[in-house]
Amino acid sequence: MSKNFLEIIDIIGVALFAISFIISFLQNKKKTFTLSIVLTWITVIYMGIILILIWIIAGRPPMRTVGETRLWYAFFLPLLGGITYSLWRYRWLVTYSLFMALVFLCINLFKPELFVKQLPPALQSAWFVPHVIVYMLGYSLLAASAIISVYQLVSGKKSELSLILKRADTMVYSGFSMISMGLIFGALWAKVAWGTYWAWDPKETWALITWFIYLIYIHFRLSKSNTVNYKIALYILIFAFVVMLMAWMGIKFLPSAQSSIHVYG
Amino acid sequence: MRVNYKSANHYTILHGFYLAIVFVFIGFVLDVVLKKPLGLLVPVFPGNLILLVGTLLVLIIIGIIFRKTLAFKFITSVKVAVPAICFFTVLLILIGIIPQEFNQNSKNIHWLYNIKNSWTFYLTGLLLVIILMAATAKRMKVFSFRNIAFVFNHLGITIILLGAGFGQSDYKELRMTLIQNEPIWYAYNKNNELVELDFALEMQSFELEYHLPLIKIEIDKQKRFKLLEIDTANLPYNIQYGDYTITFKEVCLECVKKDNSYVNFEFPRAVSATNILLKNMSSNIDTTFWISTGSKMYLRDIFNHRGVQISIMPPAAKKYTTRARYYPKNGTNSDVIIQVNKPAKLGQYLVYQQSYDIDKGKYSNISVLNIVKDPWMPVVYLGIFMLLAGIVLLFVTGTHFNLTKQ
């Protein structure tokens, strides 16, 4: 597959997401939101088709590089935006999902990675696809929880506070379930590949840190202090999101990760 | 105002932080004073099993005796769990940032470079385990759907930690280097000490399958480079890049240099090479050349002219397999196949394909294997699958997708 093909995909994707985002942004305060939702589902279908196409053309799942995982993120985010809109009528979540997906596609466009069909032996495993998919779905859900918390902190509305916190919980519980599965699948995969569940590779450590911070959020929400200090819970979610981005894309900049087997793309 | 000291509500999350600070502080003092961690001294089987059962019994008795006390209620509450997880996370963040020293004999290294083996880490972890076990024991009494999720999660993690912790003395990880047609009955542990095994392995063949080589094309004006897999099935073929047409005329995956060209020849120091016709569409000038991957015997040939660089990368390994004969001390001999992601079970051991002689590639006459004996693996797997079930239940019980605006 030529690199031009990937660039064309990104350019069309960026244009589609940019139009969808602008329309959704403009329609946020208007009576009707139909066009935004239609465009959101079009972006989901577009990304879905693109992922299937790349999978078929490359002859391997498009999950090898960080850039490829960003495509999955750009697929799951508007999907969640669409689903949450149909459930809760959150327009701003749709807008922010489209915006974040747009940002991630822009990163792919301005910092293109080498696309190589070849998979090393360790990645040729049945665990590869479920491990990456649950992680990307989990990251998207947890990003949605961060968006909800930013929205609440910025708006400062108290009228629907308990409902918003419960919705943030829903995103965290479902996202946490996904990243827990990702962590377990990774450990089982490592056991089959190398004979050990855990090697304290920096990527693994940061995935564990992310998991622990969401664990703090879940336990903090169960404590009585959180009803008084609900803002702390919301700040934890934002901090957790930053750590999650570090685990996903930032570890290659750390001194501890120079010998990591997980640094790619 | 009178304070009701009999109520667990008297304690706040701040008290939990005080308790966690005590554990962290003791650990820190031990690290500073002792300078080197003692490590977890767990006896081998059946000592570890007896110790585990004993520890569990003691904890159960303590739980039964003290279950109605404020201390027990406090330790099983999130008021302690949150601070304990916070401190443990801080240590994990330090591990994630600071490169850790893995050398077993790192006596004089500052504890910050060896956090996983520090007293601070052990004691903070111990506090977490105590909370985990106490909270699990407390909730096991009450049966409800939500409680099952809680018990599965917490008990799953407890079983994983206990299985891995108490089982570590029985865990053996050895490195075995097989040499073609030589039966090997020994391996080396992490301290590089020789360990005799109750079986021998004789490598009969080592097979290595390669991906096709990649071509890297760089044109200075483009400020980017292109990486593409060579196509051996459709020779000759053209590709367009910038102002250039690149024609791949010939490809040889294993060849040697002869005069200014390459000829097919299979041997360990052979290279991959391709013959290219490069045509500049603007100036209509063309040039033909060979590029090669290079080896210990031949220099790498790269095309580099007027801002255009074209090179061929050494082919990457796609799959490697060791075929060996297995000779157990007691039992019948058999043939085994070992591949990455497909370990072979030999008696009590699982044998993993690790590496080979990379210089010799597919002609490697050695194969490096990882030999693991992990008798507590079923216990850890039980914990993992219990945790997995708990996570699924957490998803079901913890989410409120049906919440509508009030």
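Refer to the structure above for everything that follows.
These numbers were taken from a predicted model, which means no experiment stands behind them.

Novice: Account for the sheet that holds strand E4 (residues 214-219) of chain B, with residues named and values stated.
Specialist: Residue and element names in this part refer to chain B. The 4 strands are arranged E5-E4-E12-E11 in an open sheet whose pairing can be described as antiparallel. Each end of this open sheet is capped by a strand with a single partner; those strands are strand E5 (224-229) and strand E11 (303-305). Averaged over all adjacent pairs, the angle separating strand axes in this sheet is 10 degrees, with direction ignored. Bridge count for E4 against strand E12 (residues 308-312) is 5 bridges, and the pairing is antiparallel. Counterpart to Ile-217 in the pairing with E12 is Ile-310.

Novice: Before we move on, could you go through the packing of aromatic side chains and cite the residues and values that matter?
Specialist: In the structure shown here, the tally under the stated rule is 39 aromatic pairs over all chains. Considering the side-chain rings of B:Trp119 and B:Tyr122, the 6.2 Å spacing of their centres and the 85 degrees angle between planes classify their relative orientation as edge-to-face. With a gap of 3 residues between them, B:Trp119 and B:Tyr122 both fall in helix H5 (residues 119-140), about one helical turn apart. There is no split in this pair, since B:Trp119 and B:Tyr122 are both buried. Both rings, one in B:Phe289 and one in B:Phe303, keep their centres 3.9 Å apart while their planes meet at 15 degrees; by these two values the pair is stacked. Here B:Phe303 lies in strand E11 and B:Phe289 lies in strand E10 (residues 286-292), a separation of 14 residues in the sequence. Residue class for B:Phe289 comes out buried when judged on its relative accessible area of 10%. Clustering of aromatic rings is evident, with ring pairs tying together A:Phe176, A:Trp198, A:Trp200, A:Trp211, A:Phe212, B:Phe88 and B:Phe121. Here the guanidinium or amino end of A:Arg89 rests over the ring plane of A:Tyr85, the centre of that ring lying 4.9 Å away. Lying across the ring of A:Tyr197, A:Lys191 places its NZ or CZ 4.8 Å from the centre.

Novice: Please set out the side chain of A:Ser149 residue by residue, giving values where relevant.
Specialist: Residues and elements named next belong to chain A. Tracing the sequence through the fold places Ser-149 in helix H5 (residues 128-155). With a relative accessible area of 0%, Ser-149 lands in the buried category. Every residue in contact with Ser-149, bar those within four places of it in the chain, is listed here: Leu-234, Leu-237 and Ile-238.

Novice: So what's going on with unusual backbone geometry? Residues and values would help.
Specialist: The amide bond that connects B:Phe45 to the next residue, B:Pro46, takes the cis arrangement and shows omega of 5 degrees. Structurally, the position occupied by B:Pro46 is in the loop between helix H1 (13-34) and helix H2 (47-66). Looking along the chain, the bond that leaves B:Leu235 and enters B:Pro236 is cis, with omega of -10 degrees. Tracing the chain through its elements places B:Pro236 in the loop between E5 and strand E6 (237-241). Here the phi dihedral of A:Arg89 falls at roughly 60 degrees; this positive angle occurs in a residue that is not glycine. Positionally, A:Arg89 belongs in the loop between helix H3 (66-88) and helix H4 (91-110). Residue B:Asn181 is not a glycine yet carries a positive backbone phi of 60 degrees. The topology assignment puts B:Asn181 in the loop between strand E1 (172-179) and strand E2 (183-188).

Novice: Tell me about the nonpolar core, residues and numbers included.
Specialist: Residues A:Tyr73, A:Tyr139, A:Phe212 and A:Tyr214 are the most contacted members of the largest nonpolar core, which totals 123 residues. Broken down by element, this core gets its largest block of residues, 16 residues, from helix H6 (residues 161-194) of chain A. Sequence-distant contacts of A:Tyr73, defined by excluding residues within four places in its chain, comprise A:Pro78, A:Met100, A:Phe104, A:Met136, A:Tyr139, A:Ser140, A:Ala143, A:Phe241, A:Met244 and A:Trp248. In terms of nonpolar packing, the next biggest core, distinct from the first, is built from 25 residues, B:Ala187, B:Met203, B:Val351 and B:Tyr356 among them.

Novice: How would you summarise the pairing of strand E16 (residues 349-356) of chain B if you had to cite specific residues and measurements?
Specialist: Two faces make up the sheet, and in a regular strand the side chains alternate between them. All names here are of chain B. The buried fraction of E16 amounts to 6 of the 8 residues, a majority that puts the element mostly inside the structure. Examined bridge by bridge, strand E15 (residues 344-346) and E16 share 3 bridges and lie antiparallel to one another. Bridging from a neighbouring strand, Leu-346 pairs with Tyr-349 of E16. Hairpin geometry of E15 and E16 is characterised by an intervening segment of 2 residues between the two adjacent antiparallel strands and by a positive phi of about 60 degrees at Gly-347.

Novice: Any details on the packing of H6(A) against helix H9 (residues 230-250) of chain A? Residues and values, ideally.
Specialist: Residues and elements named next belong to chain A. Between H6 and H9, the least distance of the axes is 12 Å, while the angle of their chain directions is 30 degrees. Seen from above, H6 lies across H9 with left-handed handedness. Note on element contacts: H9 touches H6 through Tyr-230, Leu-234 and Leu-237, opposite Leu-161, Leu-165, Ala-168 and Val-172. Considered class by class, the residues forming the contact of H6 with H9 number 7 nonpolar, no polar and no charged.

Novice: Before we move on, can you summarise the interface of chain B and chain A with the specific residues and values?
Specialist: Taken together, the contacts link 62 residues of chain B with 61 residues of chain A. Summing both partners gives a buried area of about 5400 Å² for chain B against chain A, and 69% of it is carried by carbon and sulfur. In this structure, the connection of chain B to chain A is made through 1 salt bridge. Between B:Asp374 and A:Lys191 there is a salt bridge; the shortest N-O distance is 2.8 Å. Taken together, the elements giving at least two residues each to the side of chain B that touches chain A come down to helix H4 (78-97), H5, helix H6 (145-167), E5, strand E13 (317-328), E16, strand E17 (366-373) and helix H7 (377-398) of chain B.

Novice: Break down the packing of H3(A) against H9(A) for me, with residues and values.
Specialist: Residue and element names in this part refer to chain A. Where H3 contacts H9, the two axes come as close as 11 Å, and the packing angle between them is 135 degrees. The orientation of H3 with respect to H9, classified from their angle, is oblique. Across the interface between the two elements, Val-66, Thr-69, Arg-70 and Tyr-73 from H3 touch Phe-241, Met-244, Trp-248 and Met-249 from H9. Residues of the contact of H3 with H9, tallied by class, amount to 6 nonpolar, 1 polar and 1 charged.

Novice: Kindly report on H3(A), identifying the contributing residues and their values.
Specialist: Residue and element names in this part refer to chain A. With 23 residues, H3 ought to run about 33 Å at 1.5 Å a step, and its terminal C-alpha atoms sit 32 Å apart, in line with that. In terms of residue burial, H3 counts as a mostly covered element, since 19 of its 23 residues are buried. One or two steps after H3, the chain reaches Arg-89, where phi turns positive at roughly 60 degrees.

What counts, and where the lines are drawn
Residues numbered from 1 in each chain as written. Chains lettered and ligands numbered in written order. Predicted model: local features only at pLDDT ≥ 70, side-chain atom pairs only at ≥ 80, totals over all residues. Heavy atoms only, no water. Pairing = 2+ DSSP bridges. Helix = DSSP H or I, 4+ residues; strand = E, 2+ residues; numbered from the N terminus. Axes fitted to C-alpha atoms, helices over the stretch in contact; angles between N-to-C directions. Phe/Tyr/Trp six-rings, centres within 6.5 Å; stacked < 30°, edge-to-face > 60°. Buried < 20%, exposed > 50% of the residue type's maximum accessible area, 1.4 Å probe, protein only. Lys NZ or Arg CZ within 6 Å of the ring centre and 35° of its normal. Contact = heavy atoms within 4.5 Å. Core = buried A, V, L, I, M, F, W, Y, C linked by side-chain atoms within 4.5 Å. Left-handed = near helix turned anticlockwise from the far one by under 90°. Nonpolar A, V, L, I, M, F, W, Y, C, P; charged D, E, K, R; others polar. Buried area = accessible area lost by both parts, 1.4 Å probe. Salt bridge = Lys/Arg side-chain N within 4 Å of Asp/Glu carboxyl O. Parallel < 35°, antiparallel > 145°, perpendicular 65-115°, else oblique. Expected span 1.5 Å × (residues − 1).

By themselves, these figures tell us nothing about what the structure is for.
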